[in-house]
Amino acid sequence: MDKPFIRFHPNCMANNFDASIPEYWGTKMQMDFHARNVSKYITNQRFEEQLSDGDTFHRQYDDTYDQEPDTYTPHTDMQVDDANNTDETLLIDQKFARARRFDKFEITQVKPDVIAHIAENDAIRMQNHVDAKVLSQYSLASSTLDDGDITGGTAGNGVDPNVGNILEIFTTAGKKLDELNIPETDRWAAISPKMKQVVYQMLGLRETPEGDNKLKDGKLGIQYAGFEIYVSNLLT
C-alpha cells in the first residue's frame, strides 16, 4: 500500500500567518542618558530656605580684613582706622520651565507610565541648565591656571592634560589656592571626561593598594591630590 505524502511546489506557496505572530511591548521605558549634574555638590546651599521669596541676595564681607596692625607705644595716641563692610550680590533672575499637556484619555490608555518618565526627563534637563549656569562662573575667578604654569608650557595657552602632567596640574591648582589662603578642606574640581580618563590612567599606573581602590570607585566624586573631583559634560 502506497504511503500518503504531501508535495510542496514553490510556486504554489501562499501562506500568511501574520495575524498569529504575537507582538510585545516593554513594561518600562528605555533609559535616557543625560549629562551628570554636579552643582548640588559644589555650591553653597545653606541659604536655600531663606530664598523662598525675593529676587536679590546679599552676602556681606569685611573689606578691611587685611589691614596691617599698628605698632603700639605706651602712653602715645594711636591712629583710629576706619572699618568698612561691603557685599556681593546674587540676582535671582533665571527661570527654567517646560510646558506639557496630556489628555485624560491618553493618560488612561498608555502603558507604561510615560507621563512620569517625561516629567523626570524634563526635570533633569532643567537641572542641566542650572549646572551650565553654575559652571560658567569659572570666568569670574581671580586666579587662573594655564599652560604657562606647567613645566615646559606656554603662557596664555590652555593645558592639555596627560599622564605626564596631570599631577602637576592639580598640585599647581592647590598651590594657587594656598597662596590665596583658601582652606585645604572642601576643595573640589569639576573636570571633563577626557581629564577624568587621564586621572584614572595616572592612578592605574601606581602599583599601590590606594591606586587599585581608586579604580574600583564608581561614585560620582573621586579624590585626587587634595581635590574632590566631579565629572561633567556641561563644561564649556
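What you see as residue numbers is a count from 1 along each chain, following the sequence as written. Predicted model: local features are reported for residues with pLDDT of at least 70 only, side-chain atom pairs are reported and counted for 80 or more only, and whole-chain, interface and lining totals are derived from all residues. Side-chain numbers come from the whole structure's heavy atoms, not from hydrogens or water.

Enquirer: Can you lay out a negative patch on the surface for me, pointing to particular residues and giving the numbers?
Expert: A patch consists of residues exposed above 30% relative accessible area that lack any salt bridge, with like charges linked at up to 9 Å and nonpolar side chains (Val, Leu, Ile, Met, Phe, Trp, Tyr) linked at up to 5 Å. Working definition of accessibility: Shrake-Rupley area with a 1.4 Å probe, residue cover restricted to the visible protein chains. One side-chain nitrogen of Lys or Arg within 4 Å of one carboxyl oxygen of Asp or Glu is enough to make a salt bridge. We score Asp and Glu as negative and Lys and Arg as positive, and we do not count His or the chain ends. Where a charge lies is defined by one atom per residue type: Lys uses NZ, Arg uses CZ, Asp uses CG and Glu uses CD. Side chains of D62, D63, D66 and E68 sit close together on the surface and give a patch of like negative charge. Relative to the helices and strands, D66 is located in the loop between β1 (56-62) and β2 (85-91). Where helices and strands are cited, they refer to DSSP runs of H or I of at least four residues and of E of at least two residues respectively, numbered from the N terminus.

Enquirer: Lay out the packing of helix α4 (residues 166-179) against helix α5 (residues 193-204) with the relevant residues and their values.
Expert: Between N-to-C directions, angles cover 0 to 180 degrees, with each direction set by a line fitted to C-alpha atoms, over the stretch in contact for helices. Remark: α4 packs on α5, axes separated minimally by 10 Å, with the N-to-C direction vectors making an angle of 110 degrees. Accordingly, the angle class assigned to the pair α4 and α5 is roughly perpendicular. Together, I166, L167 and F170 of α4 and M195, V198, V199 and M202 of α5 make up the contact between the two elements. When residues are grouped by polarity, Ala, Val, Leu, Ile, Met, Phe, Trp, Tyr, Cys and Pro land in nonpolar, Asp, Glu, Lys and Arg in charged, and all others, Gly among them, in polar. Residues of the contact of α4 with α5, tallied by class, amount to seven nonpolar, no polar and no charged. The labels follow the angle: roughly parallel below 35 degrees, roughly antiparallel above 145, roughly perpendicular from 65 to 115, and oblique for the rest. Every residue pair with non-hydrogen atoms within 4.5 Å of one another is taken to be in contact.

Enquirer: Quick one: what's the story with unusual backbone geometry, residue by residue and with numbers?
Expert: The omega torsion across K111 and P112 is 5 degrees, close enough to zero to call that bond cis. With respect to the helices, strands and loops of the structure, P112 is situated in the loop between α2 (104-109) and α3 (114-135). Notably, H75 is not glycine yet its phi reads approximately 70 degrees, a positive angle. For H75, the location among the structural elements is in the loop between β1 and β2.

Enquirer: With reference to specific residues and values, describe the confidence of the model for the protein.
Expert: Any segment with low pLDDT has predicted coordinates that should not be analysed in fine detail. Residues of the protein with pLDDT of at least 70 account for 87%, and the chain-wide mean is 86. Per-residue confidence from the predictor is given as pLDDT, running between 0 and 100. Helix α6 (residues 209-216) is the least confidently modelled element of the protein, averaging 46 in pLDDT, while α4 averages 96, the highest of any element. In the predicted structure, residues 207-220 sits below a pLDDT of 50 and forms 16 contacts with residues beyond four places in sequence or in another chain.

Enquirer: Describe the pattern of salt bridges, naming the residues involved and giving the relevant values.
Expert: All chains considered together, the criterion is met by five salt bridges. When the shortest N-O distance is used, the salt bridge between D160 and K194 registers 3.0 Å. Taken as a pair, D160 in the loop between α3 and α4 and K194 in helix α5 lie far apart in primary sequence, 34 residues in all. What makes D160 partly exposed here is its relative accessible area of 47%. Linking R187 and D178 is a salt bridge whose minimum nitrogen-to-oxygen distance equals 2.7 Å. Looking at R187, the relative accessible area reads 10%, which means it is buried. In the salt-bridge network here, residues are joined through shared partners; they are R98, R100 and D122. For each residue, the accessible area found with a 1.4 Å probe, counting protein chains only, is set against the maximum for its type, and the residue is called buried under 20%, exposed over 50%, and partly exposed in between.

Enquirer: Help me get a handle on α3, residues and values and all.
Expert: Counted at 1.5 Å a residue, the expected span for α3 with its 22 residues is 32 Å, and the 31 Å between its end C-alpha atoms agrees. Among the residues of α3, those classed as buried are V114, H117, N121, D122, N128, D131 and L135. Every helix has an expected span of 1.5 Å times one less than the residues it contains.

Enquirer: Residue-level account of the pairing of strand β3 (residues 188-191), with values.
Expert: Burial along β3 is one-sided: the residues A189 and I191 are buried and none of W188 and A190 is. One bridge is not enough; two strands pair if DSSP finds at least two bridges between them. Bridging between β3 and strand β5 (residues 227-231) involves four bridges; their strand directions are parallel. Across the sheet, residue A190 finds its bridge partner in β5, namely Y230.

Enquirer: Please give an account of the packing of aromatic side chains that cites residues and values.
Expert: Here a Phe, Tyr or Trp ring, Trp counted by its six-membered ring, pairs with any other such ring whose centre lies within 6.5 Å, and the pair is stacked when the planes are under 30 degrees apart, edge-to-face when over 60, and tilted otherwise. Following the criterion strictly, the structure yields four aromatic pairs and no others. Where Y41 meets Y230, the ring centres are 5.3 Å apart and the plane angle is 10 degrees; that geometry is what we call stacked. Of this pair, Y41 sits in helix α1 (residues 39-42) while Y230 sits in strand β5; the two residues are 189 residues apart in sequence, bridging distant segments of the chain. The class for Y230 is buried, based on a relative accessible area of 10%. Pairing F170 with Y224 gives two aromatic rings, centres 5.3 Å apart and planes at 90 degrees, and the pair type is edge-to-face.

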